Amino acid sequence: MQPNLLILGGTTEATVFAKAAAAVCHNGIVSFAGRVNRIKRQPLPQRVGGFGGVSGLVHFMQTTNVTHVIDATHPFAAQMSRNAVIACAQAHVPLMALTRPPWVARTGDNWTHVPDIQGAVGALDRAACRVMLAVGRIQLQNFVPNHQHFYLLRLVDPPVIAPPFPRCHVVVSRGPFTAENDLNLMQKHRINLLVSKNAGGSGAYAKITAARRLDLPVIMIERPPILKRMETNSVTDVLTWINHIGAERGV
Ligand code: NAP
């Protein structure tokens, strides 16, 4: 029997892995939460929308005969990752996370580390300045108490409702970005502070390079804790793991 993979996606890593899995003729499906209007075309079939918590995910895996789960979600997608750990344990389906290492400050970086979004909100309780707020769309509401700032927002889709800030500018654009463009963007909007999640990877790193070049301070939001699971940064390792587990189980 062929492996039948459930790839939890929404990241560049998930798409790269899906290509590699398709290239070696694995069956599978790539799952998206449905947070963006346009999903990147995948080399495997895709589905969109939540499973309905842990029990929904268990049901999905059992009814579609999933043999392996690859959690390649964003490092801040903590709920999905938690659900995957619990559901896979319940359904006895092996799980591997395909992750990317967090960014580490380099010489010239001026980072203030905060543990979570609320930490970033607290750090912005200060005199008005011009902030590039790179936290995505969903959590913007948290920053409403700090309405004294001008916010530069970069979103994947045009906002359906106006952002909740009296002074802001929205750029609709999808990564990967270049350091040169991000530097120009920050200069154009006279940004003097960057707020970023520690996403890791290369696609969103341009703004960090741009901030370093412009000598701008960065409020860096650390990653949420995730339940313990097997994980790797390597697509090849995941493919090897699939074959290894498959051989053990006769898959
Ligand atoms: P989350 O808070 O961990 O997930 C909330 C709920 O959304 C989950 O419980 C699940 O609903 C559903 N969900 C999340 N990822 C899913 C997936 N790949 N397939 C099916 N359902 C999914 O996640 P999030 O932070 O909202 O992120 C959603 C998606 O956007 C993820 O796929 C992630 O890779 C991507 N993304 C997130 C960020 C970020 O900063 N968080 C950035 C870039 C991309 P049910 O409980 O109903 O199953």
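Thresholds applied
Residues numbered from 1 in each chain as written. Predicted model: local features only at pLDDT ≥ 70, side-chain atom pairs only at ≥ 80, totals over all residues. Heavy atoms only, no water. Domains from an automatic or database assignment. Contact = heavy atoms within 4.5 Å. Buried area = accessible area lost by both parts, 1.4 Å probe. Salt bridge = Lys/Arg side-chain N within 4 Å of Asp/Glu carboxyl O. Polar contact = N/O pair within 3.5 Å; in protein donor to acceptor, adjacent residues only side chain to side chain. Nonpolar A, V, L, I, M, F, W, Y, C, P; charged D, E, K, R; others polar. Helix = DSSP H or I, 4+ residues; strand = E, 2+ residues; numbered from the N terminus. Buried < 20%, exposed > 50% of the residue type's maximum accessible area, 1.4 Å probe, protein only. Near = heavy atom within 4 Å. Areas by Shrake-Rupley, 256 points an atom, 1.4 Å probe, with all protein chains shown as cover. Phe/Tyr/Trp six-rings, centres within 6.5 Å; stacked < 30°, edge-to-face > 60°. Lys NZ or Arg CZ within 6 Å of the ring centre and 35° of its normal. Pairing = 2+ DSSP bridges.

## A look at the domain arrangement of the protein
Annotation of the protein at the domain level lists domain 1 (4–101 + 225–249) and domain 2 (111–221). Centre-to-centre separation of domain 1 and domain 2, based on C-alpha positions: 29 Å. Each partner contributes residues to the interface: domain 1 has eleven residues there, and domain 2 has twelve residues. Interface area, domain 1 with domain 2, both sides summed: about 940 Å², of which 49% is carbon and sulfur. Contact with domain 2 buries area across many residues of domain 1, yet R35, R38 and F76 alone supply 46% of it, more than any other trio. Across the domain 1-domain 2 interface, the total number found is zero salt bridges. Our count for the domain 1 to domain 2 interface comes out at five residue pairs in polar contact (both at pLDDT 80 or more). Considering only residue class, the side of domain 1 that touches domain 2 consists of five nonpolar, two polar and four charged.

## Some details on the pattern of salt bridges
Following the criterion strictly, the structure yields five salt bridges and no others. Where D71 meets R229, a salt bridge forms, and the shortest distance between an N and an O atom there is 3.2 Å. In this pair, D71 sits in strand β4 (residues 68–71) while R229 sits in the loop between β11 (218–221) and β12 (231–232), placing the two residues 158 residues apart along the sequence. Owing to a relative accessible area of 2%, D71 belongs among the buried residues under this scheme. With its nearest N and O atoms 2.8 Å apart, the salt bridge here joins R212 to D109. Of the two residues, R212 sits in helix α6 (residues 206–213) while D109 sits in the loop between β5 (95–98) and β6 (111–114), which places them 103 residues apart along the sequence. Neither residue differs from the other here; R212 and D109 are each classed as buried. Among the charged side chains, a salt-bridge network with shared partners connects D71, R229 and E231.

## Let's talk about the site of the ligand
Surveying the vicinity of the ligand reveals 22 residues, the closest of which are G9, S31, F51, H74 and K197. The separation between an oxygen atom of the ligand and a polar side-chain atom of R35 is 2.9 Å. In this structure, N83 approaches the ligand through a side-chain N or O atom, which is 3.4 Å from an oxygen atom. Within the complex, the protein chains bury 76% of what would otherwise be the 810 Å² of accessible surface of the ligand. Taken together, the elements giving at least two residues each to the shell around the ligand come down to β2 (27–32) and α3 (78–91). The residue makeup of the shell around the ligand, split by class, is seven nonpolar, twelve polar and three charged.

## Some details on the side chain of T73
Looking at where T73 falls in the secondary structure, it is placed in the loop between β4 and α3. Its relative accessible area of 13% is what places T73 among the buried residues. A polar atom in the side chain of T73 sits 2.6 Å from the side chain of D71. Ignoring sequence-local partners within four residues, the contact set of T73 consists of L8, G9, T11, M80 and S81.

## Some thoughts on the packing of aromatic side chains
Taken as a whole and judged by the stated rule, the model has three aromatic pairs. Just above the ring of F177 sits the side chain of R154; from NZ or CZ to the centre is 3.5 Å.

## So, the pairing of β5
In β5, alternate side chains face the same way, and those of L95 and A97 on one face and M96 and L98 on the other are all buried. With three bridges joining them, β4 and β5 adopt parallel strand pairing. Counterpart to I70 in the pairing with β5 is M96.

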